[in-house]
Amino acid sequence: MSQAVGISSLPPLGSLPLARGTADRGSALRMAPELFDRLWEQPETRVLHLADQRAAVRENRLLLQSAAEVERPANPIYLGSTVEADPEVPAGTHIVLVEHQSPQASIAPEDSWLGLRTAASVLVTQEAGLLVEAVAISNWHANHTHCPRCGQRTEPTEGGWVRRCPADESLHYPRTDPAIIVTVTDEEDRLLLGSSTAWPDNRYSTLAGFVEPGESLEAAVIREVEEESGIVVHSPQYLGSQPWPFPASLMLGFTAKAAHAEPVPDGVEIKDVRWFSRAEIFEQVKAERISIASGASIARALIEHWYGGPLDEEPAAGRP
Ligand SMILES: [Zn+2]
């Protein structure tokens, strides 16, 4: 059974922009035979249109068309039912994902097709959650088309949440790649930030990396920070997570402590890595000497969690 995340269970990072899914994913319903026959017979069923990882949007709302207006495609995906009351989409509305090869003017003539990073900041919570789910499951299908055992092309089943191999009948389930991301602080509560070799020179963020097979999250935190900066951390502590379906990551936010030492960038993934006080970050961001990760990222939330508020406000008195 899937269930909406209640306020009482929010982790220390609070509600993150891409972690706002509230739909009842209806894992039992997915198994129902003739699921899509039944959904297409109900005019209340709504269709979310996706193309090139972009959703059809009308006036800052997802364009959720009645299934009666939409030709049923070969492989729709069941996203679940809404649980939040909404004037436009009643609670309990079934939502189905329909994908198109490219954004089609015929579907959204006076509307637009928005990517997830843009849409996440304009959509209401319930719809932002649906779009994250839609993009993530769509990416999995796009990247897992064939059986890893025998190479046959697999076919979607169970509402689009499983792929089945017709040759050996093996079942294949959606994958998510866990990645840790971490605010490292020293004894004076300064923050360690790095600049990736793939970024513009003045952009800095928290260190991050994929969890390796057979590795715990805590071990991944310690390994990644040492690899990228030479800094040895201890006491990793979990702060919160959000899906990052570009294409399939789940970002797991941590904080960890380190003795103050001179960091050394690995030169491969990280070209510069430094300690920052709150005052330094405030001054350098304000003077545009550095830029910090954008609003939708968990990196931004982690940095502001350490900073104690928005980066465009002066740090609270008494904080280093
Ligand atoms: Zn196979």
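What you see is a predicted model; the values in this text were computed from it and never measured.

1. Observations regarding the overall build of the chain
Counting secondary structure elements, the chain contains six helices and 18 strands. Taken against the 2.2 N^0.38 rule, which gives 20 Å for 320 residues, the C-alpha radius of gyration of the chain at 22 Å falls within 12% of a compact globule. In the chain, buried positions account for 46% of the 320 residues. Partitioning the intrachain contacts of the chain with sequence separation of at least 6 by distance along the chain shows that 64% fall at a separation of at least 24. In the structure as shown, the chain presents an accessible area of about 15800 Å², 50% of it carried by carbon and sulfur atoms. Treating the 26 positive side-chain charges of the chain as one cloud and the 45 negative ones as another, the clouds have centres 1 Å apart.

2. Points about the coordination of the zinc ion
Bound to the zinc ion are the protein donor atoms Cys147 (SG), Cys150 (SG), Cys165 (SG) and Asp168 (OD), situated 2.2 to 2.4 Å from the metal. For the zinc ion, the four donor atoms in the first shell make angles of 101 to 120° at the metal, so the coordination geometry reads as tetrahedral. One chain supplies every donor for the zinc ion, spaced along it as C-x2-C-x14-C-x2-D. Within this pair, whereas Cys150 is found in the loop between helix 3 (125-143) and strand 8 (155-157), its partner Asp168 is found in the loop between strand 9 (162-164) and strand 10 (171-172), the two being separated by 18 residues in sequence.

3. Side note on the packing of aromatic side chains
Evaluated as defined, the whole model comprises four aromatic pairs. Ring centres of Trp244 and Phe246 lie 4.7 Å apart, and the angle between their planes is 75°; on these two criteria the pair is classed as edge-to-face. By relative accessible area, which is 17% here, Trp244 ends up buried. Seen in terms of ring centroids, Trp306 and Tyr307 are 6.2 Å apart; in terms of plane orientation they differ by 55°. Their pairing is tilted. Here the guanidinium or amino end of Arg203 rests over the ring plane of Trp199, the centre of that ring lying 4.3 Å away.

4. Digging into helix 5 (residues 278-286)
Taken together, the buried positions of helix 5 are occupied by Arg278, Ile281, Phe282 and Gln284. Considering only its buried residues, helix 5 is in contact with strand 12 (191-196), strand 17 (270-276) and helix 6 (298-307). Backbone geometry just downstream of helix 5 places Glu288 in the positive-phi region, at approximately 60°.

5. As for the sheet that holds strand 10
In any sheet, the strands associate via hydrogen bonds between backbone groups, in a parallel or an antiparallel arrangement. Read across the sheet, three strands follow the order 8-9-10 without closing on themselves; strand pairing throughout is antiparallel. Both outer strands of the open sheet, strand 8 and strand 10, are each paired with one neighbouring strand and no more.

6. A word on the domain arrangement of the chain
Domain annotation for the chain reports domain 1 (7-141), domain 2 (144-175) and domain 3 (177-307). For domain 2 versus domain 3, the distance between C-alpha centres works out to 36 Å.

7. Observations concerning the side chain of Gln284
With respect to the secondary-structure elements, Gln284 resides in helix 5. Discounting residues that sit within four places of it in the chain, Gln284 has contacts with Arg274, Phe276, Arg289 and Ile290.

8. Details of the pairing of strand 1 (residues 46-51)
Of all six residues in strand 1, six are buried; the element is thus mostly enclosed. Side-chain alternation along strand 1 places Arg46, Leu48 and Leu50 on one buried face and Val47, His49 and Ala51 on a second face that is also buried. Pairing of strand 1 with strand 4 (residues 64-66), which is carried by three bridges, proceeds in the antiparallel orientation. Following the sheet pairing, Leu48 is matched in strand 4 by Leu64. Across six bridges, the pairing between strand 1 and strand 6 (residues 94-100) is parallel. Within strand 6, the position partnered with Leu50 by the bridge is Glu99. Between strand 1 and strand 2 (residues 54-58), which pair antiparallel and follow one another directly, the connecting turn spans two residues, one of which, Asp52, has a positive phi of 50°.

9. A few points about the UniProt feature "domain: Nudix hydrolase" (unreviewed entry) in the chain
As annotated in UniProt, the feature "domain: Nudix hydrolase" (unreviewed entry) corresponds to residues 174-298 in the numbering used here. With 18% helix and 42% strand, the stretch residues 174-298 has end C-alpha atoms that lie 22 Å from each other.

10. A look at the nonpolar core
Across soluble globular proteins, you tend to see nonpolar side chains buried next to one another. Core analysis: the biggest nonpolar cluster contains 39 residues, and Leu48, Leu62, Leu79, Leu97 and Leu131 have the highest contact counts within it. Formed jointly, this core draws a minimum of three residues from each of two domains, domain 1 (7-141) and domain 3 (177-307). Apart from residues no more than four positions distant in its own chain, Leu48 is found in contact with Ala55, Leu62, Leu63, Leu64, Leu79, Ile95, Val96, Leu97, Val98, Leu130 and Ala134. The next biggest cluster of nonpolar side chains, apart from the first, holds 18 residues, and it includes Val184, Val211, Leu252 and Ile270.

11. Examining the pattern of salt bridges
Enumeration according to the criterion identifies 17 salt bridges in this entry. The shortest N-O distance in the salt bridge between Glu127 and Arg61 comes to 2.8 Å. Here the residue Glu127 occupies a position in helix 3, and Arg61 occupies one in strand 3 (residues 61-62), the gap between them amounting to 66 residues. Given a relative accessible area of 3%, Glu127 falls into the buried group. The buried category is assigned to Arg61, whose relative accessible area is 15%. Arg278 is the salt-bridge partner of Asp189, the closest N and O atoms lying 2.8 Å from each other.

The rules we used
Residues numbered from 1 in each chain as written. Predicted model: local features only at pLDDT ≥ 70, side-chain atom pairs only at ≥ 80, totals over all residues. Heavy atoms only, no water. Helix = DSSP H or I, 4+ residues; strand = E, 2+ residues; numbered from the N terminus. Rg over C-alpha atoms; globule rule 2.2 N^0.38 Å. Buried < 20%, exposed > 50% of the residue type's maximum accessible area, 1.4 Å probe, protein only. Contact = heavy atoms within 4.5 Å. Areas by Shrake-Rupley, 256 points an atom, 1.4 Å probe, with all protein chains shown as cover. Lys, Arg positive; Asp, Glu negative; His and termini not counted. Charge placed at Lys NZ, Arg CZ, Asp CG, Glu CD. Donors = N, O, S within 2.8 Å, 3.2 Å for Na, K, Ca; no water. Tetrahedral: all angles 85-135°; square planar, octahedral: opposite > 155°, others 65-115°. Phe/Tyr/Trp six-rings, centres within 6.5 Å; stacked < 30°, edge-to-face > 60°. Lys NZ or Arg CZ within 6 Å of the ring centre and 35° of its normal. Pairing = 2+ DSSP bridges. Domains from an automatic or database assignment. UniProt positions renumbered as here; feature names shortened; annotations may be inferred. Core = buried A, V, L, I, M, F, W, Y, C linked by side-chain atoms within 4.5 Å. Salt bridge = Lys/Arg side-chain N within 4 Å of Asp/Glu carboxyl O.

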